[in-house]
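Observations on the model geometry
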Amino acid sequence: MAITSYPFDTQIVTESQYSQLFREFADSGVAASSTSNSFSVSADGSTMTVKVQPGFAIVRGHAVLSTAVESLTIPTAGTSTRYDRVVLRLDPAANSITLAVLQGTAGGSVPAPTQTETGVYELPLATVTVAANITAVASAAVDKERAFVGNSVGAWVTRTRPAAPRFGKLGLNYDTNVWEYWDGAAWTPLVASVSWSSLTGKPSAFPPSTHTHAWADLTGRPASLPPTAHKHPWSDVTGTPSTYPPSTHSHSWSSITSKPSTFPPTSHSHSSYLESGDTISWANGSKRPHSSSVGGSGTYYAVWVDGTGRFGRNTSSLRYKQNVRDVSVAPSDVLALRPRLYDRLPDEDGGEYARDEFGLIAEEVAETLPEIVTYDEEGRIDALRYDLLGVALLPVVQDQAARIARLEARVEELARAA
């Protein structure tokens, strides 16, 4: 027959049959009030352990009773934050329900519990945040997430709602302090929220009825009553001054009359070096061949602009440097650079912008060659030191030269051997 019934006298009832029967009367969860300490997880703040209080719970139709405080060791912290989970683990093959720690992955999310219908079933009790390099679990790092059963309804936090509820399943979500039920598609509040705006037929205003108040009943009344705003004729005012010197004040430029239309500068001079705001006339030398004579030291300098807008010349002599040391640049980092073609964004006035410009993308260069990337005052990637790109290419050339030398030597060796 395809129909099975149980339990009856002289009949063998299996563990699976009993579990299935009992699950119809109680979900998996702690059999206690949601405000109790039953199977509550906490940390003492001085070691990498957590303590689990005694309690009674139902795990997929099986019962577990703990009569003493149990200690669990949290695995050693890594260099990145991870999340571990304390669970009650039902293992039908081992005929046991035990406490266990599910270790998360560094930088990952909270590990999901195993919840099968016939095999291992894990009931979450708490999440433990394991910060990088800690040597003790802080009390604030333990987030309780117990689900509760009893009185024919359940109690849970949002994270531990029943995984496969039936239509009409009712319980208290003590994350939100709202009674909710499963409507077949989502968890819905048992009592709909009512706001003033959702009420219909309400009056637009509530004028008070005619009434009086005793002066003694008023709160916040003034100790004295200053007169209301009023005026006095000048002739009634005594002790007036004979003159009125103006107080410190200012005038807007537009209110000044007879001002000159231009202001020729007075005699002055400029230093030989450019300052912020000075104009550079053909500073790139594009209208002067390099062979032309130049002032000063008789050579050209590259001009730099710092973050405040001031100009300066680029120098390379050892006398301008200190703490000189070798640096290793991997040729593969330089060869990984990707020349790109792009269009410039329009300027602030919506004017013309460059199209099909050839160059590198600073964010991409920063991944392999951050030494030539510059940043703005807000710490954002801003530009590239294209003048340093040639320096970065030297290790590539040197590496290739060494390879060629070795290959030539090998060819000569093979020629002599032949």
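Residues numbered from 1 in each chain as written. Predicted model: local features only at pLDDT ≥ 70, side-chain atom pairs only at ≥ 80, totals over all residues. Heavy atoms only, no water.

Quick notes on the overall build of the protein
Quick note on the threshold: Numbering of helices and strands starts at the N terminus; helices are DSSP runs of H or I of at least 4 residues and strands are runs of E of at least 2. C-alpha atoms define the radius of gyration in this analysis, and the globule rule sets the expected value at 2.2 Å times the number of residues to the power 0.38. Throughout this description, buried means an accessible area under 20% of the type-specific maximum (1.4 Å probe, protein chains only), exposed means over 50%, and partly exposed covers the range between. The contact rule is simple, with two residues in contact once any of their heavy atoms fall within 4.5 Å. All accessible-area figures derive from a Shrake-Rupley calculation using a 1.4 Å probe, and residue coverage is judged against the displayed protein chains alone. Neither His nor the chain ends is counted toward charge; the positive residues are Lys and Arg and the negative residues Asp and Glu. By convention, the charge on Lys lies at NZ, on Arg at CZ, on Asp at CG and on Glu at CD.
Scanning the protein from terminus to terminus reveals 4 helices and 21 strands. Its C-alpha atoms give the protein a radius of gyration of 41 Å, clearly above 22 Å, the size a compact globule of 418 residues would have. Seen along its three principal axes, the alpha-carbon backbone of the protein occupies a region of about 130 × 115 × 45 Å. Counting the 418 residues in the protein, one finds 21% classified as buried. A separation of at least 24 residues holds for 46% of the contacts in the protein among residues at least 6 apart in sequence. When the accessible surface of the protein is totalled, it reaches about 30800 Å², and 55% of it is carbon and sulfur. Treating the 33 positive side-chain charges of the protein as one cloud and the 42 negative ones as another, the clouds have centres 3 Å apart.

Observations concerning the packing of aromatic side chains
How we decide: Classification of ring pairs rests on two measures: the distance between centres of Phe, Tyr or Trp rings, Trp counted by its six-membered ring, which must be within 6.5 Å, and the angle between planes, read as stacked under 30 degrees, edge-to-face over 60 and tilted in between. Lysine and arginine charges are scored as sitting over a ring when NZ or CZ, respectively, is within 6 Å of the ring centre and within 35 degrees of the ring normal.
Using the criterion set out here, one finds 5 aromatic pairs in the structure. Between the aromatic rings of tryptophan 253 and phenylalanine 263, the centroid separation amounts to 6.1 Å while the plane-to-plane angle is 55 degrees, which identifies the pairing as tilted. With tryptophan 253 in the loop between strand S15 (187-189) and strand S16 (303-305) and phenylalanine 263 in the loop between S15 and S16, this pair connects stretches of sequence that are 10 residues apart. Each member of the pair tryptophan 253 and phenylalanine 263 is classed as exposed. Taken together, the ring pairs in this structure connect Trp156, Trp182 and Trp187 into an aromatic cluster. Above the ring of tryptophan 196, the side-chain terminus of lysine 202 is found at 5.6 Å from the ring centroid.

With respect to the pairing of strand S4 (residues 55-59)
Under the convention used in this document: Any two strands between which DSSP finds at least two bridges are classified as paired.
Counting buried residues in S4 gives 4 out of 5 residues, a clear majority hidden from the surface. By the bridge criterion, 2 bridges tie strand S1 (residues 29-31) to S4 in an arrangement that is antiparallel. Its bridge partner lying in S4, valine 30 is registered against alanine 57. Here S4 hands over to strand S5 (residues 62-66) after 2 residues, with arginine 60 in that stretch at a positive phi of 50 degrees.

Regarding the sheet that holds strand S7 (residues 82-91)
The line we're drawing: Interaxial angle, 0 to 180 degrees, is taken between N-to-C directions of lines fitted to C-alpha atoms, where a helix line uses only the stretch in contact.
What the 4 strands build is an open sheet, ordered S8-S7-S9-S10; its pairing is antiparallel. Each edge of the sheet is formed by a strand with only one pairing partner; in this case those strands are strand S8 (96-102) and strand S10 (142-144). Each adjacent strand pair in this sheet contributes to an overall mean axis angle of 20 degrees, direction not counted. Across 7 bridges, S7 lies against S8 in antiparallel orientation. Looking at the pairing, leucine 90 lines up with isoleucine 97 of S8.

Some points on the nonpolar core
What counts is decided by this rule: Buried Ala, Val, Leu, Ile, Met, Phe, Trp, Tyr and Cys residues form a nonpolar core when they are joined through side-chain atoms within 4.5 Å.
Core analysis: the largest hydrophobic core is formed by 28 residues, its most contacted members being Val50, Leu88 and Val137. At the level of secondary structure, the elements contributing two or more residues to this core comprise strand S2 (41-43), strand S3 (49-52), S4, S7 and strand S9 (121-130). Looking at which element gives the most residues to this core, the answer is S9, with 6 residues. Membership of the second largest hydrophobic core comes to 13 residues, among which are Val365, Leu389, Ala392 and Val396.

Looking at the pattern of salt bridges
Worth spelling out the cut-off: The rule for a salt bridge is simple: a side-chain nitrogen of Lys or Arg has to be within 4 Å of a carboxyl oxygen of Asp or Glu.
Going through the model one piece at a time under the given rule, you end up with 15 salt bridges. Arginine 82 is paired through a salt bridge with aspartate 84; the nearest N and O atoms lie 2.9 Å apart. We classify aspartate 84 as buried; its relative accessible area is 0%. Through salt bridges that share partners, Arg85, Asp143, Glu145 and Arg159 make up one connected network.

A few points about unusual backbone geometry
Cis geometry marks the peptide bond from tyrosine 6 to proline 7; its omega dihedral reads -5 degrees. Along the polypeptide, proline 7 turns up in the segment before helix H1 (15-23). You will see that asparagine 177, though not glycine, has its phi angle at about 55 degrees, which is positive. Mapped onto the secondary structure, asparagine 177 falls in the loop between strand S13 (170-173) and strand S14 (178-182).

Thoughts on the confidence of the model for the protein
Quick reminder of the rule: Summary of the metric used: pLDDT quantifies the predictor's per-residue confidence within the range 0 to 100.
Residue-level pLDDT values for the protein average 85, and 90% of them are 70 or greater. Per-residue pLDDT stays below 50 along residues 276-292; that stretch engages in 17 contacts with residues further than four places along the chain or on separate chains.

Section: the environment of glycine 309
Positionally, glycine 309 belongs in the loop between S16 and strand S17 (311-313). Linking glycine 309 and glutamate 15, residues 294 residues apart in sequence, is a C-alpha distance of 81 Å.

Focus on the side chain of arginine 146
For clarity, the cut-off: Think of a polar contact as two N or O atoms within 3.5 Å of one another; within protein, one of them needs to be a possible hydrogen donor and the other a possible acceptor, and neighboring residues in sequence only count if both atoms come from side chains.
Relative to the helices and strands, arginine 146 resides in the loop between S10 and strand S11 (148-149). An unpaired buried charge is present at arginine 146: no salt bridge exists, and aspartate 143, the closest side chain of opposite charge, is 9.7 Å distant. A distance of 3.1 Å separates a polar side-chain atom of arginine 146 from the backbone oxygen of serine 36. Polar side-chain contacts of arginine 146 include one of 2.6 Å to the backbone oxygen of serine 38.

With respect to a nonpolar patch on the surface
Counted only if it meets this: To count toward a patch, a residue needs a relative accessible area over 30% and no salt bridge; like charges are then connected within 9 Å, while nonpolar side chains (Val, Leu, Ile, Met, Phe, Trp, Tyr) are connected within 5 Å.
A cluster of nonpolar side chains, contributed by Val194, Trp196, Leu199 and Phe206, occupies part of the molecular surface with about 460 Å² of accessible area. Along the chain, valine 194 falls in the loop between S15 and S16. For valine 194, a relative accessible area of 60% gives the class exposed.

As for helix H4 (residues 389-417)
The following threshold applies: A helix is expected to span 1.5 Å for every residue after the first.
Across its 29 residues, H4 extends 42 Å between first and last C-alpha, which sits within 8% of the 42 Å expected from 1.5 Å per residue. Those residues of H4 that fall on the buried side of the exposure criterion are Leu389, Ala392, Pro395 and Val396. The inward-facing, buried residues of H4 contact helix H2 (331-335).

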